[in-house]
Amino acid sequence: MIITWRYHSHHSLMESFDPRTRWIFSLAFLFSVTMFWDARFLLFFFVLSFLWYFSGRTRWSETKRGWMLVSILLFTMIVINTLITGGGAGGVVPEGGRLIWPDGIPLPFGILWHFGLTYDRLWFALCQVLRIGSISAMFLAIPFTMDPRLYGVTFRRIGIPDKLAYSMELAFRYVPTLGRDFSTTYDAQRARGYELERLNTNIFQQIARIAPLVIPVTMNSILAGEDIANAMDLRCFGTRPREWLYELKFQRRDYFLLAISALMLIASFALTTFPLHFGKFWVPAFLTAFGG
Amino acid sequence: MKSKSLWKFGTREVVYAAIGAALYAVLALATNALQIPSAGNVSFRPAVVIPMFFGVAFGPIVGFISGFLGNFISDQIAGYGFWPWWDLGNGIMGLIPGLIAASIVSYKSGKSILKAEIFCVIGIVVGMGIASLSEMWVSGADMKTVLVGNFIPSVVPNLINGLILVPLLMIAYDAVVSRSGR
């Protein structure tokens, strides 16, 4: 099994920002957007996130898999939340409201289906699409536009402890090695007659069948880990701050995006708290009038 | 055997946290690619045992990083983006079993295995519970929705995987510990 990183340079505007700036902007966006349920504000965030997403110049073939996952998530949320359970949508949508089909939906054999979907909940489903879509657009491009060699130094410079950042760096570097070890073990077990894909077994047996793969790979890694830890100790790891191979430097555009991030977060907080209390769930008048 | 400090994060822990995270990512990707039959449309991820086992073997910090970072890396490689609340849930799934790390003397004794199983169950329920409840904050789903759509589909497969594979890994690790004298 060859494990490769999804990253390659797209020479895009998004990539021209410092990775720290990008993480701070993305997290500020996440916390800001989750303060709102008003579709007018959510639309602003939706547009902003897609402008950001397109600035990454990722191809559809790259992000297709991620968007499929988001679509499944959205479909589940909306179908279960809005259509099946008919719940109060996490306390956001007020109870009651005008039914779209107040007289029920006639089904064959004279059955009348009393379907409790209201205009408010339908509008709420749209808000969910805007909110989850925005968050997805903000974060989906990261694997394709951020150099994995920079994760360790990025998080170190953001402020996480040196050892933790180094652990992250090591994990990223270790993935291809473990991918190769996994392939070797898998091939060796197959040569001994091991079949992972045997069909006539139940789920418990299937999971137990994973053991001949998981156990050797894990134990070999642990034994190899002892050697790595000893080598690091011999080189006095942890006695002084680590020097990183790649150094990061803020440019003028980074300060600009950081200022926008701070402004977005402060403005969102100010708008949604006392005394303004904007951003709560809102249904347009035409929809309620249409319902009446 | 040396007495263990539960919250120590020295060189060994740095290395094992990294190995745990990388292993989680690789196994998650490998089993996705292998398409285990009979799992139906439920996503079974045997790799979830890695943070639980690394927690039990090396402590809560290693368990947490293995789960958090492993899920993060796996999503980065698969191209799923960044979902911090699910990373956090996976981290907690490794942290809670790690709380018994200091009390384990023999990894193959029935008592240790039972204790590990109980803490794995708590870890899975709390970790996936927090991740699922976060969906209420992010996507505005109600309790019923997160229970049906997120909590149960994530807890049940993880419980099956954890309860079967963690004891097997513990028994194998006991042999490694006995052989190496560590």
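All of the points below concern the structure found in this document.

Thresholds, definitions, all that
Residues numbered from 1 in each chain as written. Chains lettered and ligands numbered in written order. Predicted model: local features only at pLDDT ≥ 70, side-chain atom pairs only at ≥ 80, totals over all residues. Helix = DSSP H or I, 4+ residues; strand = E, 2+ residues; numbered from the N terminus. Buried ≥ 20, exposed ≤ 12 C-beta atoms within 10 Å, placed from the backbone. Contact = placed C-beta atoms within 7 Å. Axes fitted to C-alpha atoms, helices over the stretch in contact; angles between N-to-C directions. Parallel < 35°, antiparallel > 145°, perpendicular 65-115°, else oblique. Left-handed = near helix turned anticlockwise from the far one by under 90°. Nonpolar A, V, L, I, M, F, W, Y, C, P; charged D, E, K, R; others polar. Expected span 1.5 Å × (residues − 1). Arc of directions from axis to C-beta.

### Digging into the overall build of chain B
Looking only at helices and strands, one finds 6 helices and 0 strands in chain B. Each helix (α) and strand (β) of chain B, taken in turn from the N terminus, gives the series α-α-α-α-α-α. Looking at chain B as a whole, 57% of its 182 residues qualify as buried. Of the contacts made within chain B by residues no fewer than 6 positions apart, 75% connect residues no fewer than 24 positions apart.

### With respect to the packing of helix H5 (residues 110–139) of chain B against helix H6 (residues 143–180) of chain B
Residues and elements named next belong to chain B. Viewed as axis vectors pointing N to C, H5 and H6 meet at an angle of 155°, and their least axial separation amounts to 9 Å. Relative to H6, the element H5 lies roughly antiparallel. Viewed along their axes, H5 and H6 form a crossing whose handedness is right-handed. For the contact of H5 with H6, the residue count by class is 17 nonpolar, 7 polar and 2 charged.

### Observations regarding the interface of chain B and chain A
Facing 56 residues of chain B, the contacting portion of chain A comprises 70 residues. Going through the elements one at a time, helix H1 (11–34), helix H3 (60–78), H5 and H6 of chain B are the ones with two or more residues in the side of chain B that touches chain A. With 18 residues, the top contributor of residues to the side of chain B that touches chain A is H1(B). When its residues are assigned to classes, the side of chain B that touches chain A shows 41 nonpolar, 11 polar and 4 charged.

### Let's talk about unusual backbone geometry
Residues and elements named next belong to chain A. Of note, the bond from phenylalanine 274 into proline 275 is cis; its omega dihedral lies within 30 degrees of zero at 0°. Within the secondary structure, proline 275 is located in the loop between helix H9 (252–272) and helix H10 (285–291). Even without glycine at this site, histidine 11 takes up a positive phi of about 50°. With respect to the helices, strands and loops of the structure, histidine 11 is situated in the segment before helix H1 (19–33). The phi dihedral of phenylalanine 109 falls on the positive side, at around 65°, and the residue is not glycine.

### Thoughts on helix H2 (residues 39–55) of chain A
All names here are of chain A. For H2, spanning 17 residues, the distance from its first C-alpha to its last is 24 Å, which sits close to the expected 24 Å at 1.5 Å a residue. Of all the residues in H2, the buried ones are Ala39, Phe41, Leu42, Phe45, Ser49, Trp52 and Tyr53. In a view along the axis of H2, the buried residues occupy a sector of 145°, so they form one face of it. Away from the buried face of H2 by more than 90 degrees, exposed residues Arg40 and Leu51 are located. Directly after H2, the chain includes arginine 57, whose backbone phi takes a positive value near 55°.

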